[in-house]
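What the coordinates show
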Amino acid sequence: MKTPIKKIGAAVLAASFLVSLFTGGCSRSSKNAVKDESGLVLSGKMPDKLPDGMFWYDFAENTELFDRVKETVGEYFLCDITFFSDRTWLFLTETEPKEPVYHIMSFDKDNNAACDFVIRNEFGDNVSLDNMIAGDRLYIDAYDFATREQILFPIDEATGSISPENRIALTKNSSENEASNRFVFAGSDIAMLRHDKNTSVELIDPADGKVKKKVALDNLSRDFHIKFPEGIISAGSNKAVVWGSTSANYNFGQIRYCLVDFETGKISALDEMEYVKIPLRNLTYCNGMLVTVTDGGVYSIDTEGGTCKMILSFNCSVCNRFLVNNSELKYADDDRLLFWYSSKYVGDDIIPFTLCTFTKSDEYPAAGKNILTVASTEDLDYSISEAIMRFNQESDSSFMLFDNRYKTNSKIDYTNADNTDKATLDSLNSYASVSDRLAMDIIAGEGPDILITNGANEQLSKKDYFIDLSDYLKNESGISESDYFMNAIEASKFNGALYQFPIGFYVDGLLASESDLNGRNGLTFEEYASMVKTVCNGQDPLYDHQLSFSRTEVATKLFANSSGTYINNGKIDVNCDDFKAILDYCKELPAKGYFEGKDVDAEWEDLMSAKESMRVQPTVIYGFSDYESFAEKFENPVICGYPSVDGRTASVGSNTAVSISSYTGDLDSCKIFLSILLSEDIQKTFFMNIPINKKCAKDLALSAIESTNRNIEKNAGMKYAKVGTKLDTALADRYIEQLSTATTSAFVYHSISLIIYEEIPAYFEGQKSFEEVTKTINDRAQTVLNERK
C-alpha cells in the first residue's frame, strides 16, 4: 500500500501525531514494519523463505471418507472421530434400525477401510457407549447405569472390536449423580471430572481404579467466574485443564480454561499465565501437546516449560479459515494436523461432516507474489473464506494475507455481568475503537487493502479511506438492477457514495400475517399500539418476543433506523417530536432484557415455543429459514418495519460488505476478489446471509422448500417425527418480494449510538427531562461530527 497524504479529522490527526511522537519522530511509519503473528510482513512481496519456525502447509477438505461410510451403513449419526496409529477412526450409530447398531470403523490415509466392527445388543440395555478416548491405546468410553460405573472398553486395533468382558471399571458414582463423568488420560493415569454433591477432579490409577489425588473445584465460580465446569482436557502428566462458561446465559458467557496441577493441588487460569498472550479457544490435547486454534493459526502450549508458540500459520497455507476455526482439532504432529468439522452449511445444504487436513510441504507456491491484505471486523464466514481461498488458488501474481488487527468484540471479559446494556455498550465501544484505529492506520499507509465489515459504518465512509464503488457497480460489475437486491445496495450508500459494497445482507423487522397488518410494510407508533392491542392481546412483541433487548437497546435501534431524520450535513438535532416519540414509547417497556439473570438453557424450549406461537414476531432475517419457519404456521407472511413516526419499512443492512482502500497498490486484484464474491457459486454458499443476487436467494429458498416437503413425506405416519403441511413453491417468490420492500437504511453511527445509549436511561428513570437529555446528546454528538469534517 502506498503512503497517502490526505486531510483528515482533528481527532485522528492528533492521535496519529501522538503515535509518531512515541515512535521516535513525526514521519509516518512504514507498513513494512507491520507483521502478522508468524512474522510475515503484510506488504510488498511474499518472501523467498518463510519466517523462522514457519512452514508451508497444503490444505485438503475431504468428505469422501464419509461418503464411503454412508455407502456402507446407510444413514448414520457420527458419535466421534479421531486419528490413532496412522488411521482415522470413526464411532457411529445407524439411524434407521429401532435398536441401536454401532460401528467402530477405521480407514487408512487413502480412505480405504481397514476394519468395521458392528455392535448390536452385546452390551445390554444398561450400558451407554459414548465416544472414543485415546491413551496408551484407543478405548470406548461407556457408562453402566445399573452399577453407576464409568467404564473403558479397549479397542483391538486390528479388528476394531470391543468385548463386554474386557473392561476397565473406573470410579463408581454416588446415588446423587446418575450421569457419566468427563475424563481424560493424564500421563498413565486418568483425570476425572466428577459432579457429585461437590464438583472435583480426581486422578485415578486405571489398573485398580483407586483415587490417587483429588482437587476440589469449589472456588471456580468465586475465583475464576466459571459458573459450572463443563469439560476436562488433558495437559500431560499430573495436569488437566477444566473448562466452563462464565455465565449460565449464552448471550453473555465466555469459555474459560483453568489448569489443575495434581501435585500441588493448585488451580490457575490458563489465560493469566505470563507466557499465554493469545485468546484461548478450541483448546484440545493431542499427540502430547496442549493446542489452541486462533484466528491466525494453531499454537502449542507447554505448561511445564512455560511456552506458547505458533506451529501453523493460516497465512502460510491456502485454506478455508472458517472451516478450521470452527472445527475440532483431532490430531497434530510436526507434519500433519487433522480437523473435524460437523454440520457444514453451504447455502441451504448441510454437509454433515468434513475432514480438513494440513500437511507440511516442501513446496512454497506463494513465494514472490504481490501481497494483498484483507481484514475483517467480524469472524469470517464460510463464503468469504472460500472466496479468499479461491483467489489465492487462481491468482498467478498476488497472494492474499489476512490481517487480524481489526476484529471487533475480541476483548474477553471473564467478569462480565449478565447485563444487556453492558454487553451492548461494550460492543458499541469496540466498533468505535476499531473504526478509530482503522482510520489512523489507513491514513498512515498501514491499513488493509480490503476490509470486510458486517454493516454500513459512517465513520469509515469517506474517500479519504475507501474507494467509492458506484462506478464499479455501474460499469464493471456486470450487475443488472433487476437481478440484484438494489434496495440493499442503495441502503449501503452514504451521501450517495458506495464505500461499502454489500455482498450479503439482512432484513430487520416484524414478521406477521398479511391479514393481521392489512398488508402494510410499515406502522406508525399509533398504528403499532393498535396492532398490539387487537392482534397481540396487549403484549408488545418488540419486547416479549425479542427477549434479549433492554428498552435502551430498543430505543437505540429505532434511532438508527431513522438517523437521517436527525443528522443532516454534519449537524445533529434530536430535540424534536420524532425522537421524543421513540423515547416515550420505549419508556413503557421493561427496563431489563428478558434473559438477564436467567438460565437460558433450562428455559430455552419454553421460551422458543412461546415465541413461535406469537402472531407478530420481531426477526432479523438472515436467510430463508427465518421466513420459512414463520410461514409454516401463518399464511402470507409480510415483513414490516419497527414502529416509527412515519411508518417506515423494515431496515436492510449489509451483513457482509467489502471496502477497497483508497491507497491500495493493486486495485485490479481487489476488484477480482470482489467479482469472486459476486459470482453465483459463492453467492449460493451463503447461509447466515441473504445473497445480494436475487436468483441465488430464490434458488436457495426453492431448495429449502424442496427439502422441507421431502422430510414431511418421509415423516408421514412416524411417531414423534416432525409433520406439517407441504409448502408451495410460490413462497420463494413471496420471500423475494417481501425482502425487496425493506428500504430503511441500517447505517450505524457507532459513536453517536454509544452517546445515546449512555444518556437516555436518565430520561427513562426520571432523573432528567427530555430537553436536558437531548441537549447533552446534541452537544456530545456534534463534537464527534465536527472532528470528522
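The structure we're discussing is the one just above.
Small disclaimer: the values here were computed from a predicted structure and weren't measured.

This brings us to the overall build of the protein. Across its full length, the protein carries 22 helices and 35 strands. In the protein, buried positions account for 55% of the 789 residues. Long-range pairs, those at least 24 residues apart, make up 64% of the contacts in the protein between residues at least 6 apart in sequence. Counting every atom, the protein has about 34,200 Å² of accessible surface; 47% of that belongs to carbon and sulfur.

Turning next to the sheet that holds strand E21 (residues 307-313). The sheet built from four strands is open, its strands ordered E18-E19-E20-E21 with antiparallel pairing. Two strands bound the open sheet, and with one partner strand each, they are strand E18 (284-286) and E21. On average, each strand axis in the sheet is tilted by 35° relative to the strand beside it, whichever way the strands run. Alignment of strand E20 (residues 297-302) against E21, held across six bridges, turns out to be antiparallel. Its bridge partner lying in E21, Ile-301 is registered against Cys-308.

What follows deals with the sheet that holds strand E11 (residues 189-195). With respect to topology, four strands assemble into an open sheet ordered E10-E11-E12-E13, the strand pairing being antiparallel. Each of the sheet's edge strands pairs with one partner strand only, and the pair in question is strand E10 (182-186) and strand E13 (211-216). Going across the sheet, the axis of each strand differs from the next one's by a mean of 20°, ignoring polarity. With six bridges connecting them, E11 and strand E12 (residues 199-204) associate as antiparallel partners. Bridging from a neighbouring strand, Met-192 pairs with Glu-202 of E12.

On to the pattern of salt bridges, then. Going through the model one piece at a time under the given rule, you end up with 39 salt bridges. With a shortest N-O distance of 2.9 Å, Lys-775 and Asp-779 are connected by a salt bridge. Taken together, the residues Lys-775 and Asp-779, both in helix H22 (residues 770-787) and four residues apart, mark about one turn of the helix. Under the relative-accessibility criterion, Asp-779 is labelled partly exposed at 42%. One network of salt bridges, in which partners are shared, links Arg-281, Asp-295, Asp-379 and Lys-407.

All right, on to the pairing of strand E31 (residues 616-621) then. The two faces of a sheet get side chains in turn, since along a regular strand they alternate between them. E31 sits mainly inside the fold: five of its six residues count as buried. Where strand E28 (residues 501-513) and E31 come together, six bridges link them in antiparallel fashion. Bridge assignment links Asp-508 to a residue of E31, and that residue is Val-620.

So, how was this worked out
- Residues numbered from 1 in each chain as written.
- Predicted model: local features only at pLDDT ≥ 70, side-chain atom pairs only at ≥ 80, totals over all residues.
- Heavy atoms only, no water.
- Helix = DSSP H or I, 4+ residues; strand = E, 2+ residues; numbered from the N terminus.
- Buried < 20%, exposed > 50% of the residue type's maximum accessible area, 1.4 Å probe, protein only.
- Contact = heavy atoms within 4.5 Å.
- Areas by Shrake-Rupley, 256 points an atom, 1.4 Å probe, with all protein chains shown as cover.
- Pairing = 2+ DSSP bridges.
- Axes fitted to C-alpha atoms, helices over the stretch in contact; angles between N-to-C directions.
- Salt bridge = Lys/Arg side-chain N within 4 Å of Asp/Glu carboxyl O.

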